[in-house]
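Each chain is listed here by its residues.
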Amino acid sequence: MYLDDAVYRSLVSEALEVKESGRDKYLLWLHGEEEASRIMQRRLRAAQRERAMLLERKLDSVHIEERASAALGICRSKGLVEQDIGEPDRQGENPLMRAAGSGRGLGDIRLIATARADVNFKGATGQTALHLAAR
């Protein structure tokens, strides 16, 4: 029995890492290097999606003052925003406009808006995110 929770967590984490390493080596042996790499990349993308979904579910429980910051972090992890929520790209569109114009899901658009993107921002063509979403 472990009295120190940190020691227990460390040992469990180490055991899981050894298990992952063994499974990865098995995949490499079974499928070859190229296919094993593809399988591991798919797993990584799936884990990233799961993490983003978990963070989005927790967003509602975050205090209102901290919600925009938390939403921005989720936007970054999903690749919706590079650095700043107000950053225009080369075409002069902010992240909200890019999401609305590219047909992203309503959840992503809400997330960007929660991160306090300027909903009235006009791009280089004079259009807002609403104009792009209406297309």
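Residues numbered from 1 in each chain as written. Predicted model: local features only at pLDDT ≥ 70, side-chain atom pairs only at ≥ 80, totals over all residues. Heavy atoms only, no water.

Could you clarify how one ought to interpret the packing of helix α2 (residues 33–59) against helix α3 (residues 64–78) in this entry?
Helices that pack against each other are described as a pair by the angle of their axes relative to one another and the distance between those axes. Two numbers describe how α2 lies on α3: the axes approach to 10 Å, and their chain directions differ by 165 degrees. It follows that α2 is roughly antiparallel to α3 by the angle criterion. For the pair α2 and α3, the crossing hand works out as left-handed. The residues of α3 that touch α2, namely those facing R51, A52, L55, E56 and L59, are R67, A70, A71, I74, S77 and K78. (Axes fitted to C-alpha atoms, helices over the stretch in contact; angles between N-to-C directions. Helix = DSSP H or I, 4+ residues; strand = E, 2+ residues; numbered from the N terminus. Parallel < 35°, antiparallel > 145°, perpendicular 65-115°, else oblique. Left-handed = near helix turned anticlockwise from the far one by under 90°. Contact = heavy atoms within 4.5 Å.)

Even after reading the chapter, I still don't get a nonpolar patch on the surface, so can you show me in this structure?
Together, Y8, V12 and L16 line one region of the surface with nonpolar side chains, adding up to about 280 Å² of accessible area. One can find V12 in helix α1 (residues 5–31). (Patch = residues over 30% accessible without salt bridge, like charges linked within 9 Å, V, L, I, M, F, W, Y side chains within 5 Å. Areas by Shrake-Rupley, 256 points an atom, 1.4 Å probe, with all protein chains shown as cover. Salt bridge = Lys/Arg side-chain N within 4 Å of Asp/Glu carboxyl O.)

Got a minute to help me understand the nonpolar core in this structure?
Nonpolar side chains tend toward joint burial in soluble globular proteins. C75, L80, V81, I85, L111, I112 and A115 are the most contacted members of the largest nonpolar core, which totals 18 residues. Those elements giving two or more residues to this core turn out to be α3, α4 (95–101), α5 (106–114) and α6 (129–134). In this view, I85 contacts L72, N94, P95, I112, A115, R116 and A117; residues no more than four positions away in its chain are not counted. (Core = buried A, V, L, I, M, F, W, Y, C linked by side-chain atoms within 4.5 Å. Buried < 20%, exposed > 50% of the residue type's maximum accessible area, 1.4 Å probe, protein only.)

Where do I start with α3 in this structure?
Residues three or four positions apart in an α-helix share a direction because the helix packs 3.6 residues into each turn. Here α3 is 15 residues long and its end C-alpha atoms lie 21 Å apart, about the 21 Å a rise of 1.5 Å per residue gives. Residues A68, A71, L72, I74 and C75 constitute the buried set of α3. For α3, the angular spread of buried residues about the axis comes to 165 degrees, placing them on one side. Opposite the buried face of α3, at more than 90 degrees from it, the exposed residues are E65 and S69. Next to the buried residues of α3 lie α2 and α5. (Expected span 1.5 Å × (residues − 1). Arc of directions from axis to C-beta.)

Please clarify how the pattern of salt bridges should be interpreted in this entry.
Pairing is possible between side chains that carry opposite charge, provided their charged atoms lie close to one another. Counted by the stated rule, this structure contains 3 salt bridges. Of the charged contacts, one joins K78 and D108 as a salt bridge, the two residues approaching to 2.5 Å between their closest N and O atoms. Taken as a pair, K78 in helix α3 and D108 in helix α5 lie far apart in primary sequence, 30 residues in all. Exposure remark for D108: the relative accessible area of 10% places this residue in the buried category. The residue R104 makes a salt bridge to D108 at a minimum N-O spacing of 3.6 Å. R104 gets classed as partly exposed once you look at its relative accessible area, which sits at 37%. Connected through shared salt-bridge partners, K78, R104 and D108 make up one network.

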